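# Coordinate inspection notes
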Amino acid sequence: MAGNTNSTNEKQEFYRKKHKEEMKHHVLTFAMMIAFTLIAFGLVIAGVSAMFTIPIILVLAAVQVLFQLYYFMHMNQEGHEFPALMIYSGIFAAVLTVLALTTIVWWG
């Protein structure tokens, strides 16, 4: 019985460390997303050239989406292969659609 209690305590300590590390990742990622949002707002408020501002905002938005997928939706963990495939397929279809429509508008 005493051996079982020791094993339970080790499991609890392992999960406590794991949850603490996950929480640190969540807080750090959240802080980075807030910083990226403030940078985007700062560029717009400062009146920086649109040719510079728009690509920077799009890159910051893409990084935020990746952070949200991997840290807040836990797509980096095992067992999420099918949802990840569906999300990436949707992103691919959206990018392909935007490229097609941009090409049609540009040539038209």
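Residues numbered from 1 in each chain as written. Predicted model: local features only at pLDDT ≥ 70, side-chain atom pairs only at ≥ 80, totals over all residues. Heavy atoms only, no water.

## What about the overall build of the chain?
For the record, the criterion: Numbering goes from the N terminus for both helices and strands, where a helix is a DSSP run of H or I of at least four residues and a strand is a run of E of at least two. A 1.4 Å probe rolled over the protein chains alone gives each residue an accessible area, and that area as a share of the maximum for its type sets the label: buried under 20%, exposed over 50%, partly exposed in between. By definition, residues are in contact when any of their heavy atoms lie within 4.5 Å. Here, Shrake-Rupley sampling with a 1.4 Å probe gives the accessible areas, and only protein chains in the shown set may cover a residue.
A count of helical and extended segments in the chain gives three helices and zero strands. Counting from the amino terminus, the chain carries its helices and strands in the arrangement α-α-α. The principal-axis extents of the C-alpha atoms in the chain amount to approximately 80 × 35 × 10 Å. With 108 residues in all, the chain has 12% of them scored as buried. Put simply, of all contacts in the chain between residues at least 6 apart along the chain, 54% involve residues at least 24 apart. For the chain, the exposed area adds up to about 8,900 Å²; of that, 73% sits on carbon and sulfur atoms.

## Brief notes about the packing of aromatic side chains
Rules: Any two rings among Phe, Tyr and Trp, with Trp reduced to its six-membered ring, count as a pair given centres within 6.5 Å; such a pair is stacked if its planes are under 30 degrees apart, edge-to-face if over 60, and tilted if neither.
According to the stated counting rule, one finds two aromatic pairs in the structure shown. A centroid spacing of 5.4 Å and a plane angle of 65° characterise the contact between phenylalanine 14 and tyrosine 15, whose relative ring orientation is edge-to-face. Owing to a relative accessible area of 44%, tyrosine 15 belongs among the partly exposed residues under this scheme. Ring centres of phenylalanine 36 and phenylalanine 67 lie 6.2 Å apart, and the angle between their planes is 10°; this geometry places the pair in the stacked category. In this pair, phenylalanine 36 sits in helix 1 (residues 2-46) while phenylalanine 67 sits in helix 2 (residues 50-72), placing the two residues 31 residues apart along the sequence.

## Here we look at helix 2
The test is simple: Expected helix span is taken as 1.5 Å per residue step, with the number of steps being one fewer than the number of residues.
With 23 residues, helix 2 ought to run about 33 Å at 1.5 Å a step, and its terminal C-alpha atoms sit 31 Å apart, in line with that. Turning to helix 2, its buried residues number three or more, namely Thr53, Leu60, Gln64, Phe67 and Leu69. Looking at the residues trailing helix 2, positive phi occurs at histidine 74, about 55°.

## Quick notes on the confidence of the model for the chain
Rule in force here: Note: pLDDT gives the predictor's confidence per residue, expressed from 0 to 100.
Looking at the chain, pLDDT values average 86 and 94% of them are 70 or higher. When pLDDT is averaged over each helix and strand of the chain, the minimum, 85, is found for helix 1 and the maximum, 90, for helix 3 (residues 81-107).

## Regarding a nonpolar patch on the surface
Operational definition: To count toward a patch, a residue needs a relative accessible area above 30% and no salt bridge. Like charges then connect within 9 Å, nonpolar side chains (Val, Leu, Ile, Met, Phe, Trp, Tyr) within 5 Å. Each salt bridge in this description consists of a side-chain nitrogen of Lys or Arg and a carboxyl oxygen of Asp or Glu lying within 4 Å of one another.
Residues Leu66, Tyr70, Tyr88, Ile91, Val95 and Leu99 make up a contiguous nonpolar surface patch of about 510 Å² in total accessible area. Looking at the nonpolar patch, the element that brings in the most residues is helix 3, giving four residues. Positionally, leucine 99 belongs in helix 3.

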